[in-house]
Amino acid sequence: MRAEAVAKIEKLAGPATRKRVDRARLALAVREILLAIGDDPERSGLRETPERVADLYADLFAGIGADPADELAESIADEEERASGVILVRDIPFHSVCEHHLLPFSGVAHVGYLPNGHVVGLGKLARVVDTCARRLQIQERLTRQIADAVERGVRPRAVGVIVEASHLCMAMRGLKTVGATVTTSELRGEFATDPVARAEFVTLARAKCDE
Ligand SMILES: [Zn+2]
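No experiment lies behind these values; they were computed from the predicted model shown. (Residues numbered from 1 in each chain as written. Predicted model: local features only at pLDDT ≥ 70, side-chain atom pairs only at ≥ 80, totals over all residues.)

Participant: Just checking my understanding: could you explain the overall build of the chain for this structure?
Facilitator: Each helix and strand in the chain was counted, giving 8 helices and 7 strands. Counting across all 211 residues of the chain, residues that qualify as buried make up 27%. Residue pairs at least 24 apart in sequence account for 70% of intrachain contacts in the chain once pairs closer than 6 positions are excluded. (Helix = DSSP H or I, 4+ residues; strand = E, 2+ residues; numbered from the N terminus. Buried ≥ 20, exposed ≤ 12 C-beta atoms within 10 Å, placed from the backbone. Contact = placed C-beta atoms within 7 Å.)

Participant: Could you clarify how one ought to interpret the nonpolar core in this entry?
Facilitator: In globular proteins that are soluble, nonpolar side chains generally tend to be buried together. Counting 30 residues, the largest nonpolar core has Ala109, Val111, Val128, Val129, Ile146, Val150 and Val161 as the members making the most contacts within it. Filtering out sequence-adjacent residues up to four positions away, Ala109 remains in contact with Ile92, Phe94, Val129, Ile146, Val161 and Val163. (Core = buried A, V, L, I, M, F, W, Y, C linked by C-beta atoms within 7 Å.)

Participant: Explain the confidence of the model for the chain here, please?
Facilitator: Predicted coordinates in regions of low pLDDT should not be interpreted in detail. Taken residue by residue, the chain gives an average pLDDT of 89. The fraction at 70 or more is 85%. Confidence, expressed as mean pLDDT per element, reaches its minimum in the chain at helix 1 (residues 3-13) with 67 and its maximum at strand 5 (residues 136-137) with 98. (pLDDT = per-residue confidence, 0-100.)

Participant: How should I be thinking about the packing of helix 2 (residues 23-36) against helix 3 (residues 49-60) in this particular structure?
Facilitator: Two quantities define a packed helix pair, namely the angle between the helix axes and the distance between the axes. The geometry of helix 2 relative to helix 3 is characterised by a closest axis approach of 8 Å and an angle of 125° between their N-to-C directions. Between helix 2 and helix 3, the interaxial angle falls into the category oblique. Here helix 2 runs over helix 3; the crossing is right-handed. Residue-level contacts link Arg23, Leu26, Ala27, Val30, Arg31 and Leu34 of helix 2 to Thr49, Pro50, Glu51, Val53, Ala54, Asp55, Tyr57 and Ala58 of helix 3. When its residues are assigned to classes, the contact of helix 2 with helix 3 shows 9 nonpolar, 1 polar and 4 charged. (Axes fitted to C-alpha atoms, helices over the stretch in contact; angles between N-to-C directions. Parallel < 35°, antiparallel > 145°, perpendicular 65-115°, else oblique. Left-handed = near helix turned anticlockwise from the far one by under 90°. Nonpolar A, V, L, I, M, F, W, Y, C, P; charged D, E, K, R; others polar.)

Participant: Is there a simple way to explain the packing of helix 4 (residues 122-133) against helix 5 (residues 139-154) in this structure?
Facilitator: Relative to each other, helix 4 and helix 5 sit at 135°, their axes nearing to 9 Å. Compared by their axis directions, helix 4 and helix 5 come out oblique. The way helix 4 lies across helix 5 gives a crossing that is right-handed. Contacts between helix 4 and helix 5 involve Val128, Val129, Cys132 and Ala133 from the former and Leu142, Gln145, Ile146, Ala149 and Val150 from the latter.

This is the structure in C-alpha cells:
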C-alpha cells in the first residue's frame, strides 16, 4: 500500500494498536472497500455492513495474540492409567481465513499424541485448533501451530496433526478445483522417527467410524 494512502487512513483512524481487533478502524476500512468496489455504502442494504463485518472479524480473528497452549495448561498427571498408546481426536471442524485472499478455508483436523505421563481433556485439543484457526493463516502454518501448541502444552513423546481443508479462494477464482481438498501433516517426536508409531497414528487418523 502506498505511504500516502496509509497516512490518510491513519489520520482518520489513528495509529494502529496491533493488539485486539480495532472495530472502529475496521468499520472505516470496510466502508472504504464498499466505495472502492464502486458500490454505495449509504444504500439501505449496506448501511449496517461496516459495523457488522467489524463484529464478525473480531470473532474470526480472536486467536491473534492468544497462546493456544494456554488451553492445555491443566494437563492431568496420568499416574494411575499410564496411558501409552496413541490418543487421537479425529474430525475436529474448523474455519480459518487465508492470508493471501482474505477468504475462508475450512475443514477438519485430526490431532494425536503419544502421552509421556500427562494427558489433556479431549475437548482441549479442539480448543487449540479453534484458537490457531482464528487468525490469518495458510494451511501449512495452521498445521504447524497446532503441533507446536500440543508439543509445548502436553510435552508428549510424539505429536501428529493432519489437516484436510477446502479453500474458497481456489474455488471462487475458477481454478477448477471445486471440491478439491488440500491435506497437510506435521509429525513430531516418535511419529517422525518410529515407523511403527507413525503407522499407528496415520491408520487411526484415516479410519472412519464405519470402516
Ligand atoms: Zn487464498
